[in-house]
Number of protein chains: 2
Amino acid sequence: MAGLGTVGTGVYETLCHNHEILEARANIPFLLKKVAVKNPAKKRSADIPGELLTARWEELVEDPEIDIIIELIGGTTDAHRLVRAALEARKPVVTGNKALLALFGAELFRLSAEKGVPLYFEASAGGGIPIIQSLQNSLICNHINSIIGIINGTSNFILTKMEQQGVPFETALKEAQRLGFAEADPTLDVNGKDAAHKALILAMLAYGTPVTPDKIFVSGIERIEPRDFEFAAKLGYTIKLLVVIRHHEETDSIELRVQPSFVPETHLLSSVNGVFNAIAVNGDIVGETIFYGRGAGKNPTASAVIGDVVTAMRELHHPEHHTGFHPYAKPLRIMHINETKSPCYLRIRVMDRPGIIAEIAGILAWHGISISATNTLDGEPDAGGVMWNDLVFIVHTCPWGRLQAALAEIAKNPDIGSDPAVIRIEKFHH
Amino acid sequence: MAGLGTVGTGVYETLCHNHEILEARANIPFLLKKVAVKNPAKKRSADIPGELLTARWEELVEDPEIDIIIELIGGTTDAHRLVRAALEARKPVVTGNKALLALFGAELFRLSAEKGVPLYFEASAGGGIPIIQSLQNSLICNHINSIIGIINGTSNFILTKMEQQGVPFETALKEAQRLGFAEADPTLDVNGKDAAHKALILAMLAYGTPVTPDKIFVSGIERIEPRDFEFAAKLGYTIKLLVVIRHHEETDSIELRVQPSFVPETHLLSSVNGVFNAIAVNGDIVGETIFYGRGAGKNPTASAVIGDVVTAMRELHHPEHHTGFHPYAKPLRIMHINETKSPCYLRIRVMDRPGIIAEIAGILAWHGISISATNTLDGEPDAGGVMWNDLVFIVHTCPWGRLQAALAEIAKNPDIGSDPAVIRIEKFHH
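(A) Quick look at the sheet that holds strand β4 (residues 93–95) of chain A. Residue and element names in this part refer to chain A. Taking strand neighbours across the sheet as the criterion, the three strands line up as β3-β4-β5 in an open arrangement whose pairing is parallel. Each edge of the sheet is formed by a strand with only one pairing partner; in this case those strands are β3 (69–71) and β5 (119–120). Examined bridge by bridge, β3 and β4 share three bridges and lie parallel to one another. Each bridged residue has a counterpart across the sheet, and for Ile 70 the counterpart in β4 is Val 94. Taken strand by strand, helix α4 (residues 78–88) contacts β3, β4 and β5, and its axis lies near 160° from that of β3.

(B) View of the relation of the copies chain B and chain A. Mapping chain B onto chain A leaves a residual RMSD of 0.0 Å; the transformation is a rotation of 180° accompanied by 0.0 Å of translation along its axis. When the rotation and shift are considered jointly, the pair of chain copies conforms to a two-fold rotation axis. Nearest to the rotation axis, the C-alpha of Phe 291 of chain B is located 2.5 Å from it, this being the minimum over chain B. Here 100% of the contact residues of chain B are again contact residues in chain A; the copies associate through an equivalent surface.

(C) View of the side chain of Ser 253 of chain B. All names here are of chain B. Among the structural elements, Ser 253 can be located in strand β9 (residues 253–264). A distance of 2.7 Å separates a polar atom in the side chain of Ser 253 from a polar atom in the side chain of Thr 251. With residues up to four places along the chain from it excluded, the contact list for Ser 253 reads Arg 246, His 247, His 248, Arg 333 and Met 335.

(D) Layout of the sheet that holds strand β4 (residues 93–95) of chain B. Residues and elements named next belong to chain B. Taken in spatial order, the three strands make up an open sheet running β3-β4-β5, and their pairing is parallel. For this open sheet the edge positions go to β3 (69–71) and β5 (119–120), each flanked by a neighbour on one side alone. Its contacts with the sheet put helix α12 (residues 298–314) on β3, β4 and β5, and the angle it makes with β4 is roughly 165°.

(E) Quick peek at helix α1 (residues 6–17) of chain A. Residue and element names in this part refer to chain A. Under the 1.5 Å per step criterion, the end-to-end length of α1 is 16 Å for 12 residues, consistent within 8% with the ideal 16 Å. Taken together, the buried positions of α1 are occupied by Gly 8, Thr 9, Gly 10, Val 11, Tyr 12, Thr 14 and Leu 15. In this structure, the buried residues of α1 make contact with α2 (19–26) and α12 (298–314).

(F) Region of interest: the packing of aromatic side chains. Residue and element names in this part refer to chain B. Tallied over the entire structure, the rule returns 15 aromatic pairs over all chains. On the basis of an interplanar angle of 35° and a centroid distance of 4.8 Å, the ring pair of Phe 262 and Tyr 345 is categorised as tilted. Pair noted here: Phe 262 is in strand β9 and Tyr 345 is in strand β13 (residues 341–351), with a separation of 83 residues, a long-range link. Tyr 345 carries the same exposure label as Phe 262, and that label is buried.

(G) Region of the structure containing the pairing of strand β8 (residues 237–248) of chain A. All names here are of chain A. Burial runs high along β8: 12 of the 12 residues are buried. Here β8 shows no split at all, with Tyr 237, Ile 239, Leu 241, Val 243, Ile 245 and His 247 on one side and Thr 238, Lys 240, Leu 242, Val 244, Arg 246 and His 248 on the other all buried. Note: strand β6 (residues 144–150) against β8, four bridges, orientation antiparallel. Its bridge partner lying in β8, Ile 147 is registered against Ile 245. Taken together, the 12 bridges between β8 and strand β9 (residues 253–264) define a ladder with antiparallel strand orientation. When the bridges of β9 are listed, Thr 238 appears paired with Val 263.

(H) Just the side chain of Arg 257 of chain B, in detail. Residues and elements named next belong to chain B. With respect to the helices, strands and loops of the structure, Arg 257 is situated in strand β9. A polar atom in the side chain of Arg 257 sits 2.9 Å from the side chain of Glu 255. A distance of 3.1 Å separates the side chain of Arg 257 from the side chain of Glu 426, its partner in a polar contact. In this structure Arg 257 touches Ile 216, Phe 217, Leu 242, Val 243, Val 244, Arg 246, Ile 337, Thr 340, Arg 424 and Glu 426, once residues within four positions along its chain are discounted.

(I) Fine view of the interface of chain B and chain A. In this complex, chain B contributes 53 residues to the contact, which on the side of chain A involves 53 residues. When chain B packs against chain A, close to 4,900 Å² is buried across both sides, 57% of that on carbon and sulfur atoms. The interface formed by chain B and chain A contains two salt bridges. Between Glu 315 of chain A and Arg 314 of chain B there is a salt bridge, with the nearest N and O atoms lying 2.1 Å from each other. In this structure, the connection of chain B to chain A is made through 22 residue pairs in polar contact (both at pLDDT 80 or more). Elements supplying a minimum of two residues to the side of chain B that touches chain A: α1 (6–17), α2 (19–26), α6 (131–136), β11 (287–294) and α12 of chain B. By residue class, the composition of the side of chain B that touches chain A is 23 nonpolar, 22 polar and eight charged. For strand β11 (residues 287–294) of chain A and β11 of chain B, the ladder comprises three bridges, and the chain directions are antiparallel. Bridge pairing in β11 of chain B places Tyr 292 of chain A opposite Ile 290 of chain B.

Conventions adopted
- Position labels on residues start from 1 in each chain and follow its written sequence.
- The naming scheme follows written order: chains are lettered A onward, ligands numbered 1 onward.
- Local features in this predicted model are restricted to residues whose pLDDT is 70 or higher, and side-chain atom pairs enter the listing and the counts only when it is 80 or higher, whereas totals over whole chains, interfaces and linings include all residues.
- Values shown for side chains rest on all heavy atoms present in the structure; no hydrogens or waters enter the calculation.
- Pairing between strands requires that DSSP locate at least two bridges from one strand to the other.
- Runs of E in the DSSP output that reach at least two residues are strands. Runs of H or I that reach at least four are helices, and both are numbered from the N terminus.
- Note on contacts: a residue pair is in contact if any heavy atoms of the two residues lie within 4.5 Å.
- The convention used is that axes are lines fitted to C-alpha atoms, helices contributing only their stretch in contact, and that angles between N-to-C directions extend from 0 to 180 degrees.
- To line up the copies, we fit them by least squares on C-alpha atoms, keeping just the residues with pLDDT of at least 70 in both.
- Whenever two N or O atoms come within 3.5 Å, that pair is a polar contact, provided that in protein one can donate a hydrogen and the other can accept it, and provided that, for residues adjacent in sequence, both atoms are side-chain atoms.
- Helices are assigned an expected span. That span is 1.5 Å times one less than the residue count.
- Note on classification: 1.4 Å probe, protein chains only; a residue is buried when its accessible area is under 20% of the maximum for its type, exposed when over 50%, partly exposed between these limits.
- Between 30 and 60 degrees the pair is tilted, below 30 it is stacked and above 60 it is edge-to-face, where a pair is any two Phe, Tyr or Trp rings, Trp via its six-membered ring, whose centres lie within 6.5 Å.
- The term buried area denotes the loss of accessible surface (1.4 Å probe radius) that occurs when two parts are joined, taken as the sum for both partners.
- Salt bridges are defined by distance alone: a side-chain nitrogen of Lys or Arg within 4 Å of a carboxyl oxygen of Asp or Glu.
- In this classification, Asp, Glu, Lys and Arg are treated as charged, Ala, Val, Leu, Ile, Met, Phe, Trp, Tyr, Cys and Pro as nonpolar, and every other residue, Gly included, as polar.

Below, the structure is given as structure tokens:
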């Protein structure tokens, strides 16, 4: 094992604590042979024998008695070198490194296939939730219509807090940091990038085709306000940061994006609160399935890593039977975000004067966008005493690109404030 | 494959329809060699070549070119003989037969272990939901604290209908039959027996210990009335037919039962509606996970069967590595229902006269049972003009046996109607 941070410590402790149950069930004896860490002399919470530690991850690859490598270093430099070296040396790798697979997945899956050495990554998307192995095994006969998920616990905790207590984003974020659910630098969690990494992994697995990070459109939750939740509730929705991966049969292309979205209260995903994650997989044979659980954290992630280690042990002498990432289809086209369609919620700050609604409605109409509802939310005067209100528009299904063109034109009006908030309305149909 | 009913037809059609995707992902060529049916001459919806059909299931076992047997006959006579014969002949078996495993699981799992020939049963509990493989693989390092689930779609459809439309049990049942969600004889679905079969399978898998059907306490939903939902809603609950499998560490015993239960609206299981199933698995390492999907039906069940077939193919030449049912613990004790504890909801029909509440409350108190709330629901006069009301009591956590003793005594009072409705209140804590 390389890395003895939070997850590495969880793996070590669980291997000790549940050793008996694990060996009886797995039916294969196994031994943690060596643990590579940056500084073997450092004092650690885990009571790990000093002789297991080494400062060189290369030793794991070189040691002929080591069959399987667990990569928990994190980051994309040493981790990348280690995974490459292990696969080259024909040692199966277990990793939970989502950034690594999002950035270098295409290369590493290709190397894994070339060498016939499996790469296991259950912990890389959805933490303890058995989504990867389910896609690889039980759901194997399904063409995946869509995967729609809440796969960032920090942002879901913040949105839940905002909804339930009516507090602004910053307050909810501070609470998340206080409770240890958000890091000091929460950027990747709240801007959707972390969810995007996981989305890329799920899309690659579902469609057997490499996807590079530039193909996914990402926006975060920083601009959501408590009043958006109020308006959503009136219409029977809540707001979640959704990963949407959806196959469009008519164009044989994939919609791939991370965006804050209205989720109908009738859909189970709307009830996924706090740090929990949930992933809805719609397969052509199985129909809708949903997987729910803790998507991060020491023990849930360790659970997934150990599950993979056992699978790696079972498949050690017959890696050709691993149902991992197998390119099976002609490369699919990823839709440009501008081609994707849905109804949307728009919140636009405007100066309180007659005619302003008509002007905005006129521009939307000129772009062929129909309005299904509109409302004015009371605003506040600015420093100069000018009154600004929030206008809300619900627009019917239209292409994202067309809406952006309309919004760009609307933004030219000097009586309209900075960037409007745009939240997609997710329909969950197929 | 033996059996070409609903699920068998689904398997055949899916193998044809998704053949390409399946072979590419599974990376193993495979062939459906023979299909045993009762009457090969019968006209069928599936467009299956006549030369594949045979009337003798024994041929599947005898044919040296057949490696894996899929048992979809149903019932527990021929199916039992076939599975036994296949395991004896060292041919791995895939089955979705919950009654077979509930009744003969202990025997068949023992035979499978003795012969070193795996028995796969993903489709036997939860239909298309990948619960079995998840317990066997991804969650393998977890000690299972509890499994709490909604695993009968027919009864869940009826309860959902009753809750959402306020209709009585019989009306909801008729609607379920009209839509094909309930069979002409719905007994096993509404009395909890079908859910109990699946619960036995899950318990055996989770705790690695054989469990016989007499060890599980089962009650059904036949006596639930719309007014129970109204009262539940007032307290923030809904009513579901829950399977409860819970390990009690202090006594090292397992609570194992199927009973209608109040489920808090804050828990995701309360939002599982219609024919959908959901299973909440709480593991000591992973925490709470929930698996949701279609628990029955042609295609969802076929999806699970084919997932197992692929696993069986992968493990064909190294069955020793199958993480199936491995007894790993000392035999656990199943708690008698009378030892299990929870708060409860009681609805008791009583004659409308002064003092009746005090009498019932007195008997409960004498048995050491505390009342946390009580209410009178308006009733109707009987044929003789005597007015009968429904009294509702919510009682604090107490042993089931003690509550039954109190109810037996209460029932002796001639002013009290037939059997009271008792619904447990599920707390979901650990």
